[in-house]
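# What the coordinates show
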Amino acid sequence: MSAKTPDVVAAPDRQREQGRALTRLLPYLLIAPAVIALGLVLGGTLFRNVLISLQEFGRRQLISRTTEWAGLDNYVEVLTNDRFWSTLVRTFVFMAANVVLIMVIGTLCGLLLLRLGKRMRLVLSISLVLAWAMPIIPSTTVFRWIFDTQFGLVNWLMRTLGFSGYDQHNWFDSGLSTLTIATLLIVWTSVPFVALNLYAGLTTVSGEIYEAARMDGASAWRIFWSIVLPIMKPFFLITTFLEIIWVFKAFAQIYALNGGGPNRASETLPVMAYVAGMGQQQYGIAAAISVVTLLILVVAMSFYFRLILKQEKEQS
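Residues numbered from 1 in each chain as written. Predicted model: local features only at pLDDT ≥ 70, side-chain atom pairs only at ≥ 80, totals over all residues. Heavy atoms only, no water.

An unreviewed UniProt entry annotates the protein as Sugar ABC transporter permease originating from Streptomyces bohaiensis. Quoted verbatim from the Sequence similarities (unreviewed entry) field of the UniProt record, the comment on the protein reads "Belongs to the binding-protein-dependent transport system permease family." In UniProt, the protein has this text filed under Subcellular location (unreviewed entry): "Cell membrane". (UniProt positions renumbered as here; feature names shortened; annotations may be inferred.)

This is the structure in structure tokens:
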């Protein structure tokens, strides 16, 4: 019997190596069509937006269909505008308040779903899904009715409880009260996402862990802090990340409530860009605001991505 040649011996090894390489590439090949489609749609739009931000693009240019390059003048005008910086601070404060409330209330609702019986869990789940599924503009309209000056439920309730000064009280007469109502609206529509996903994650945790903790005398807070939080840490990280993006780009709720008023006191960066573009027809300025907003969000999220990667390294 003759010995096998080195080429014959190496052939199966090469085939196995090619098979492993194909297995590693398979996930990327599967998502490639979606990534390419998103790149063409979103990338093209973003590129066009950046181009407009470098142009003097107003009503005259729109009518005459001319292109007048302005370089970085639009960015200089935006960054030297005090209104932009006050709006930026307002946007971050608004975002932080919303995300904290969403995560806290959503976590409490998710824990409540785990403890309720089947019937009450079903009722609460349906209620959460209905709030989550309601479109933005109809839900904003409902909140405007609730806080209506003349026939609003809140004014009627305050008068019924004996409080004075709520006869035709205008809840939209200041930026703070307008953003407070917007916060209630955004939290109401965002809590179901956190609650239902947390409940789904908690159902995968063995009940024996909770029983063992209770037998050791652990309180409900200790169980959450020492068991639920470490196990569900990836969920909390990625959900907080998604909620930051969702709230930061919130536009319809704020604009539909009061148009960014009164006197632009409830504007956030997305609303400011819309008002500059569609309201004042300064499309170059509006594009510059949107690009700066995107860059600020990317920089802020880079720190969050580093935290997520650090957590993954610690777990690996």
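### Focus: the side chain of serine 125
Within the secondary structure, serine 125 sits in helix α5 (residues 118-133). Here serine 125 is in contact with Leu113 and Leu196, once residues within four sequence places are set aside. (Helix = DSSP H or I, 4+ residues; strand = E, 2+ residues; numbered from the N terminus. Contact = heavy atoms within 4.5 Å.)

### What about the domain arrangement of the protein?
Considered domain by domain, the protein is made up of domain 1 (1-53) and domain 2 (75-315). Computed from C-alpha coordinates alone, the two centres of domain 1 and domain 2 are separated by 38 Å. Across the contact, 5 residues belong to domain 1 and 8 residues belong to domain 2. Roughly 440 Å² of surface becomes buried between domain 1 and domain 2 when both sides are summed, with 64% attributable to carbon and sulfur atoms. Summed over the three residues of domain 1 that lose the most area to domain 2, namely Asn49, Ile52 and Ser53, the buried surface amounts to 79% of that side. Counting across the interface, domain 1 meets domain 2 through 0 salt bridges. Put simply, domain 1 and domain 2 have 2 residue pairs in polar contact (both at pLDDT 80 or more) between them. Broken down by class, the residue content of the side of domain 1 that touches domain 2 amounts to 3 nonpolar, 2 polar and no charged. (Domains from an automatic or database assignment. Buried area = accessible area lost by both parts, 1.4 Å probe. Salt bridge = Lys/Arg side-chain N within 4 Å of Asp/Glu carboxyl O. Polar contact = N/O pair within 3.5 Å; in protein donor to acceptor, adjacent residues only side chain to side chain. Nonpolar A, V, L, I, M, F, W, Y, C, P; charged D, E, K, R; others polar.)

### Side note on the layout of surface pockets
When its volume is computed, the largest pocket comes out at roughly 400 Å³. Of all the secondary-structure elements, those providing two or more residues to the lining of the largest pocket are α1 (6-53), α11 (233-248), α13 (269-279) and α14 (283-315). With 5 residues, the top contributor of residues to the lining of the largest pocket is α14. Classifying every residue of the lining of the largest pocket by side-chain character gives 11 nonpolar, 4 polar and 1 charged. If you count residues domain by domain, the lining of the largest pocket takes at least three from each of domain 1 (1-53) and domain 2 (75-315). (1 Å grid on protein atoms, 1.4 Å probe; cavity = no way out; pocket = protein on both sides within 12 Å on 5 of 7 lines; lining within 4 Å. Points joined across faces, edges and corners; volume = space filled by probe spheres on them.)

### With respect to the UniProt feature "domain: ABC transmembrane type-1" (unreviewed entry) in the protein
Mapped onto the present numbering, the UniProt feature "domain: ABC transmembrane type-1" (unreviewed entry) falls on residues 88-304. Secondary structure across residues 88-304 comprises 77% helix and 0% strand; the distance between its end C-alpha atoms is 19 Å.

### A word on the packing of helix α4 (residues 82-115) against helix α8 (residues 175-202)
For the pair α4 and α8, the least separation of the axes is 6 Å and the interaxial angle reads 40°. As summarised for this structure, α4 and α8 are arranged oblique, according to the angle between their axes. Seen along the crossing, α4 lies across α8 with a hand that is right-handed. Of the residues in the contact of α4 with α8, the class split is 20 nonpolar, 6 polar and 1 charged. (Axes fitted to C-alpha atoms, helices over the stretch in contact; angles between N-to-C directions. Parallel < 35°, antiparallel > 145°, perpendicular 65-115°, else oblique. Left-handed = near helix turned anticlockwise from the far one by under 90°.)

### Things to note about the UniProt feature "transmembrane region" (unreviewed entry) in the protein
Mapped onto this numbering, the UniProt entry gives "transmembrane region" (unreviewed entry) at residues 25-47, 92-114, 126-147, 179-202, 223-248 and 283-305. Between the C-alpha atoms that bound residues 223-248 there is a distance of 32 Å. The span itself is 96% helix and 0% strand. Between the end C-alpha atoms of residues 283-305 there is a gap of 32 Å, over a span that is 100% helix and 0% strand.

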